[in-house]
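Residue-level structure breakdown
Listed here are the chains, written in short residue letters.
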Amino acid sequence: AIGTGTLTFNGGVLGITDTFTLGNAVVVNDATHGVSIDDGKILTLSGAISGNYGLYKTGLGSLKLTGTSNTSATTVIVQGTATGTASNAGSSLAVNSGATFIFDQSSGAGSYAGSLSGSGNVGVTGALTLGGTNSSFGGNLQIGSTGTLILGTNANLGSSSAQVTLDGSSSGTSILQFNSLSDN
């Protein structure tokens, strides 16, 4: 932690040059500033995230979200990898080309009603139900070797350019389940 108080982003970037856990609550009040994590480093945010904007992540390093997200704004992953759950990914998620967000539901199934956008990668471990209309998502949905992705309708899959990768292996099976299909 950085002291005991709240870390507020009103501009500027928190540059992460070493691996550590930040337990402070985080308030995001700036749309395009947040955290930049060096390649090979990991920042774990275990405090609650709130504010007028979603978290904005740059840098090739990894971000792990383990706290709660109380923001109604978009979480933006510009570079590198971020890992979270359906409950702390933010109300919507934008993943740029070359970046990755992994829904890690290995501790329990989750349901994400927010929208996905961008052309990056979205991974699933464990069981995740996508409920949002993801027409602005043209990236790759990657279902891990023991992952299950449940879609209420085909509109949850993304745009016509979206791809799905099933990473089945001898130790598990990837599952893509549609609960309802239509031609639109």
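To keep things clear, this report deals only with the structure shown in the data block. In this numbering scheme, every chain counts its residues from 1 along its sequence in written order. Thresholds applied to this predicted model are a pLDDT of at least 70 for local features of residues and 80 or more for the giving and counting of side-chain atom pairs; totals over whole chains, interfaces and linings are not thresholded and use all residues. Computation of side-chain values: all heavy atoms of the structure, hydrogens and water removed.

Our focus in this paragraph is the overall build of the protein chain. Put simply, DSSP marks the helices as runs of H or I at least four residues long and the strands as runs of E at least two long, and each gets a number from the N terminus on. Across its full length, the protein chain carries zero helices and 20 strands. In terms of C-alpha radius of gyration, the protein chain reaches 16 Å, essentially the compact-globule figure of 16 Å for 184 residues. Per-residue burial over the protein chain gives 44% buried out of 184 residues. Only heavy atoms enter the contact rule, under which two residues are in contact if any of them lie within 4.5 Å. The long-range fraction of contacts in the protein chain, counting pairs at least 24 apart against all pairs at least 6 apart in sequence, stands at 21%. Shrake-Rupley sampling with a 1.4 Å probe provides the accessible areas, and residues are treated as covered by the protein chains on show and by no other component. Looking at the protein chain as shown, the accessible area adds up to about 8100 Å², and 47% of this sits on carbon and sulfur atoms. Only C-alpha atoms enter the radius of gyration; for comparison, a globular chain is expected to reach 2.2 Å times N to the power 0.38, where N is the number of residues. Using a 1.4 Å probe on the protein chains alone, a residue whose accessible area is under 20% of its type maximum counts as buried, one over 50% counts as exposed, and one in between counts as partly exposed.

Quick look at the environment of Ser159 now. Along the polypeptide, Ser159 turns up in the loop between strand 18 (148-151) and strand 19 (163-166). Along the backbone, Ser159 and Ser117 are 42 residues apart, and their C-alpha atoms lie at a distance of 9.4 Å. Apart from the residues lying within four places of it in its own chain, the contact partners of Ser159 are Asn134, Ser135, Phe137 and Gly138.

On the basis of which strands lie adjacent, the open sheet formed by seven strands has the order 2-5-8-10-12-14-16 and parallel pairing. Whereas interior strands pair on both sides, the edge strands pair on one side only; in this sheet they are strand 2 (14-16) and strand 16 (136-137). As judged from the three bridges shared by strand 2 and strand 5 (residues 35-37), these two strands associate in the parallel manner. Residue pairing across strands places Gly15 opposite Ser36, the latter belonging to strand 5. Each pair of strands is called paired provided DSSP finds at least two bridges between the two strands.

Turning next to the environment of Gly90. Structurally, Gly90 can be placed in the loop between strand 11 (81-84) and strand 12 (92-95). Residue Gly90 is classed as buried on the basis of its relative accessible area of 11%. Measuring from C-alpha to C-alpha, the distance between Gly90 and Val122 comes to 14 Å, with 32 residues separating the pair along the chain. Aside from chain neighbours lying at most four places away, what touches Gly90 is Ser69, Ala73, Thr75 and Tyr112.

Pairing within the open sheet is parallel, and its three strands lie in the order 1-4-7. The open sheet has two free edges, formed respectively by strand 1 (7-9) and strand 7 (49-51), since each of these has just one partner strand. The sheet shows a mean angle of 25° between the axes of neighbouring strands, taken without regard to direction. Bridge count for strand 1 against strand 4 (residues 26-28) is three bridges, and the pairing is parallel. Its bridge partner lying in strand 4, Leu7 is registered against Val26. To obtain an axis, a line is fitted to C-alpha atoms, over the contacting stretch when the element is a helix, and the angle between two such axes runs from 0 to 180 degrees between their N-to-C directions.

Both faces of the sheet carry side chains from a regular strand, because those side chains alternate between them. Summarising the sheet, strand 12 and strand 14 (residues 115-118) pair through four bridges and their orientation is parallel. The residue bridging Ala94 from the neighbouring strand is Ser117, located in strand 14.

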